[in-house]
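Chain residues, written in single-letter form:
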Amino acid sequence: QDAKMGDYAFPCFKLAKVMRKAPPLIAKGIAEGMQDAPLFEKVEQVNAYVNMFISKEEFVKDVVEDVLQKEGEYGKTNIGDGIPVIVEFSSPNIAKPFHIGHIRSTVIGNSIYKIYDAMGYKVTRINHLGDYGTQFGKLIVAYKRWGDRERIEEGKLKELMRIYVKYHDEARHYFKLIEDGDEEATALFSWFKEITLKEVQKIYDRLNVTFDSYAGESFYNDKMQPIVDELKEKGLLKISDGAAIVDLEPYGMPPCLILKKDGSSLYATRDMAAAVYRKKTYDFYKSLYVVAYQQDLHFKQFFKVLELMGKEWAKDLVHVSYGMVSMEDGAMSTRTGKVVLLEDVLDKCVEKARAVIEEKNAALENKDEIARQVGTGAVIFGALYNNKIKDIVFSFDKVLNFDGETCPYVQYTGARCNSVLKKGGAAGAYAVKELTEEEYSLVSLLGNFGEVVKEAGEKYEPSYVTRYAVDLAKAYNRFYISNKIIGSEENVKNFRLALTGAVKTVLENAFRLLGIEIPEKM
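So, how was this worked out
By convention here, each chain's residues receive numbers from 1 onward along its written sequence. Owing to the predicted nature of the model, reporting of local features is limited to residues with pLDDT of at least 70; listing and counting of side-chain atom pairs is limited to 80 or more, with chain, interface and lining totals taken over all residues. As a rule here, side-chain values cover all heavy atoms of the structure and leave hydrogens and water aside. To qualify as a helix, a DSSP run of H or I must reach at least 4 residues; to qualify as a strand, a run of E must reach at least 2; elements of each kind are numbered from the N terminus. Surface accessibility follows the Shrake-Rupley procedure with a 1.4 Å probe radius. Residue values consider only the protein chains on display as shielding. The charged-residue count follows a simple rule in which Lys and Arg add positive charge and Asp and Glu add negative charge, with His and chain termini not counted at all. To locate a charge, take atom NZ for lysine, CZ for arginine, CG for aspartate or CD for glutamate. Paired strands are those between which DSSP finds at least two bridges. Note on geometry: axes are lines fitted to C-alpha atoms, helical ones only across the stretch in contact, with angles between N-to-C directions running from 0 to 180 degrees. A simple rule labels every residue: compare its accessible area, found with a 1.4 Å probe on the protein chains alone, to the largest value its type can have, and call it buried under 20%, exposed over 50%, or partly exposed in between. In what follows, residue pairs with any heavy atoms lying within 4.5 Å of each other are defined as contacts. Roughly parallel means an angle under 35 degrees; roughly antiparallel, over 145; roughly perpendicular, 65 to 115; everything else is oblique. Should the near helix be turned anticlockwise from the far one by less than a right angle, the crossing is termed left-handed; should it be turned clockwise, right-handed. Here the term charged refers only to Asp, Glu, Lys and Arg, the term nonpolar to Ala, Val, Leu, Ile, Met, Phe, Trp, Tyr, Cys and Pro, and the term polar to all other amino acids, Gly among them. For a helix, the expected span equals 1.5 Å multiplied by the number of residues minus one. For salt bridges, the criterion is a side-chain nitrogen of Lys or Arg within 4 Å of an Asp or Glu carboxyl oxygen. The arc in question is formed by the directions pointing from the helix axis toward the C-beta atoms. Disulfides are defined as pairs of cysteine sulfur atoms found within 2.5 Å of each other. A 1.4 Å probe that fits into a set of points on a 1 Å grid over the protein atoms alone but cannot get out defines a cavity; an open set with protein on both sides within 12 Å along at least five of seven lines defines a pocket, and lining residues are those with an atom within 4 Å of a point. Grid points are joined across faces, edges and corners, and a volume is the space filled by probe spheres set on the points.

For this particular structure, what's the right way to read the overall build of the protein?
The helix and strand inventory of the protein stands at 20 helices and 12 strands. If you line up the protein on its principal axes, its C-alpha atoms span 80 × 70 × 35 Å. A total of about 25,000 Å² of accessible surface is found on the protein, and carbon and sulfur atoms cover 49% of it. Here the protein carries 72 positive and 77 negative side-chain charges, and the mean point of each set is 2 Å from the other.

Below is the structure:
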């Protein structure tokens, strides 16, 4: 914790029982045995600890050269060794607008995919579309009563949303028709789905998010009966008030509903069918579900039912829950039609970024492209910066602040590195001699990037990467202010240019894991 005491500490308490010695004596023996280790400048015993001081020159040279040599590959590992992992994320409901509430699942899931990919896993991205359920019956009723095909083609999701809020109870009947394969109901349902996918694809393109599968809930329509049959065979299915359930009271949970009174399916039925299908198809090591914490009980229930069915792989299903996002004027409600569309948020952020660029650097080339990178990046970064389980309030002013712990601040630092490298030219040969505190702090951070990526993957927590990027940007700006680069003595200049190049590379690599671009200039 205190850099003056060393770079690493090894506590010897746990060895006392095995070695039958007092921890300070063990620490003394280890320290004496490490005196000639070339990696360390000094190794000393302090009570029950072995404190190690890294040989800074060796360490600095290794880290900087490693970054510059590996470039975009720096921070990647082969921990996963091609093992299959599934990440299910985003998963919007068909015929409902893509609003600000969808941003977290989309960008958290996308970042987790990128992190696992960087760790060497074979990752499959699944968009489990909400394309099933009574809401489609509601939509068909609304369409038949108040809808107009031309108005819907023109107004798209906004028009579908307008008629959706006028639905009637006949909806259940129409959803049953969809499940039973009724021609007219299925045709309308497919049309609604097509309109939605075209609209949400525009958002995915802007966020640079892609998927390997769009198999939504309806894909599992013909795969649910075997699940129901197996539950019956294993004596797990009970009838309660006409509905089919699995009793989970012994496990401290309410019953898991499998079929409604009218025989139509529920979320749990479809999710179990999806899990079984994915295990057969992908033989995953882990299957991650990036879904808000309001669904905690749902996931606990259907994971438990699969376990009771004897699916030993149920332990490999992970609910990656996250907190809600709301605007400064409060949360959104889809049912009333009062939603803040994600497209509008992105547009406004890009527009505001353009205004800031105009104010700070009116002569900048490619202002529209840079405003897109800054505005879009600000929305993504704002959704990823906090620990994922925290609820967040989205603020345009906060996410676009160029001086805070924000996306524009990190992007500006990346652009500053580019400017220094352009002015300074290619870094020549250098020898690492005495280092300033700012230089060593930077190298230590650079050397830690791989560990940050690994920990972010293990904890399904992209905020580790966002915080790391901010820390690295802050460290570089402290270094930039306190250390002359261009115009300093040749050896020093070359090292500082190399260090700047390494920082630029790692900032870009970190932001790539978040799905954000860094402009060349700002």
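How should the sheet that holds strand 6 (residues 237-240) be read in this particular structure?
Strand order across the open sheet formed by 3 strands is 6-7-8, with antiparallel pairing between neighbours. Unpaired on one side and paired on the other, strand 6 and strand 8 (256-259) mark the two borders of the sheet. Neighbour to neighbour, the strand axes of the sheet diverge by 45° on average, direction disregarded.

When you look at the environment of I516 in this model, what are you seeing that I'm missing?
Note on placement: I516 falls in the segment after helix 20 (490-514). Among the residues examined, I516 registers a relative accessible area of 7% and is labelled buried. The residues touching I516, leaving out its near neighbours within four places in the chain, are G377, I380, F381, C407, Q411 and F511.

I would appreciate a short explanation of the packing of helix 17 (residues 437-447) against helix 19 (residues 463-482) in the present structure.
Pairs of packed helices are described in terms of their axes, by the angle between the two and the distance that separates them. Orientation of helix 17 relative to helix 19, taken along the N-to-C sense of each, is 160°, at an axis distance of 9 Å. By the angle between their axes, helix 17 is roughly antiparallel relative to helix 19. When the axes of helix 17 and helix 19 are compared, the crossing they make is left-handed. For the pair helix 17 and helix 19, contact is made by E438, E439, S441, L442, L445 and L446 and by Y468, D471, L472, A475, Y476, R478, F479 and S482, respectively. Split by residue class, the contact of helix 17 with helix 19 holds 8 nonpolar, 2 polar and 4 charged.

Can you help me understand the packing of helix 16 (residues 407-424) against helix 19 in this one?
Where helix 16 contacts helix 19, the axes come no closer than 9 Å and their chain directions differ by 45°. The pairing of helix 16 with helix 19 is recorded here as oblique in orientation. The chirality of how helix 16 crosses helix 19 is left-handed. Across the interface between the two elements, Y409, V410, T413, R416, C417 and V420 from helix 16 touch A469, V470, A473, K474, Y476, N477 and Y480 from helix 19.

When you look at helix 4 (residues 103-118) in this model, what are you seeing that I'm missing?
Since there are 3.6 residues in each turn of an α-helix, residues three or four apart along the chain are aligned in direction. Spanning 16 residues, helix 4 covers 22 Å between terminal C-alpha atoms, matching the ideal 22 Å at 1.5 Å per step. The buried fraction of helix 4 is high, at 14 of 16 residues. One or two steps after helix 4, the chain reaches G120, where phi turns positive at roughly 90°.

Whenever I open this one, the sheet that holds strand 2 (residues 40-46) confuses me. Can you help?
Pairing between the strands of a sheet comes from backbone hydrogen bonds, and it takes one of two forms, parallel or antiparallel. Spatially, 3 strands are ordered 1-3-2 in an open sheet, and the strand pairing comes out antiparallel. Every other strand in the sheet has two partners, leaving strand 1 (8-11) and strand 2 as the edge strands with one partner each. Here the strands of the sheet are splayed against their neighbours by 20° on average, with no regard to which way each runs. Bridge count for strand 2 against strand 3 (residues 49-54) is 6 bridges, and the pairing is antiparallel. Looking at the pairing, V43 lines up with M52 of strand 3.

Looking at this model, I keep getting lost on the pattern of salt bridges. Mind explaining?
Pairing between side chains of opposite charge can happen when their charged atoms approach one another. All told, the structure shown has 30 salt bridges when counted by the stated rule. The residue K223 makes a salt bridge to D222 at a minimum N-O spacing of 3.0 Å. Between D368 and R354 there is a salt bridge; the shortest N-O distance is 2.6 Å. On the criterion of sequence distance, the pair formed by D368 in helix 14 (residues 367-384) and R354 in helix 13 (residues 342-360) is long-range, its members being 14 residues apart. For D368, a relative accessible area of 55% puts it in the exposed group. Using a relative accessible area of 26% as the deciding quantity, one classes R354 as partly exposed. Within the structure, one salt-bridge network assembled from shared partners comprises R354, E358, K367 and D368.

Please clarify how helix 3 (residues 56-70) should be interpreted in this entry.
In this model, helix 3 (15 residues) spans 21 Å end to end at C-alpha, consistent with the 21 Å of a helix rising 1.5 Å per residue. Buried within helix 3 are the following residues: F59, V60, V63, V64 and V67. Seen from one end, helix 3 has its buried residues packed into an arc of 115°, which puts them on one side. Backbone geometry just downstream of helix 3 places E71 in the positive-phi region, at approximately 50°.

Explain the state of the cysteines to me, please; I cannot follow it from the model alone.
In protein structure, a disulfide is the covalent linkage between the sulfur atoms of two cysteines. Under the criterion given, the structure shown has 0 disulfides. Lacking any disulfide linkage, C417 is separated from the closest cysteine sulfur, that of C407, by 15 Å. What makes C417 buried here is its relative accessible area of 0%.

I would appreciate a short explanation of unusual backbone geometry in the present structure.
Trans is the prevailing form of peptide bonds, just as negative phi is the prevailing case for residues other than glycine. Of note in the backbone geometry, S90 takes a positive phi value of approximately 70° without being a glycine. Here S90 is to be found in the loop between strand 4 (84-88) and helix 4. Although it is not a glycine, N366 sits at a positive phi angle of roughly 50°. Inspection of the secondary structure puts N366 in the loop between helix 13 and helix 14. The exposure class of N366 is exposed, given its relative accessible area of 57%.

Got a minute to help me understand the side chain of T406 in this structure?
When you line up the elements, T406 lands in the loop between helix 15 (396-399) and helix 16. Given a relative accessible area of 8%, T406 falls into the buried group. With sequence-adjacent residues up to four places away left out, T406 is seen in contact with F381, K398, V399 and N401.

Please clarify how the layout of surface pockets should be interpreted in this entry.
A water-sized probe rolled over the atoms picks out the places where empty space is left. Taken as a whole, the second largest pocket spans an internal volume of roughly 730 Å³. Contributing to the lining of the second largest pocket are 25 residues, with A3, G6, D7, Y8 and Y440 lying nearest its centre. Sorting the residues of the lining of the second largest pocket by element identifies strand 1, strand 3, helix 3 and helix 17 as the ones contributing at least two each. In terms of residues, the lining of the second largest pocket owes the most to one element, helix 17, which gives 6 residues. Class assignment of the residues belonging to the lining of the second largest pocket gives a composition of 11 nonpolar, 9 polar and 5 charged.

Read these as spatial facts, not as claims about activity.
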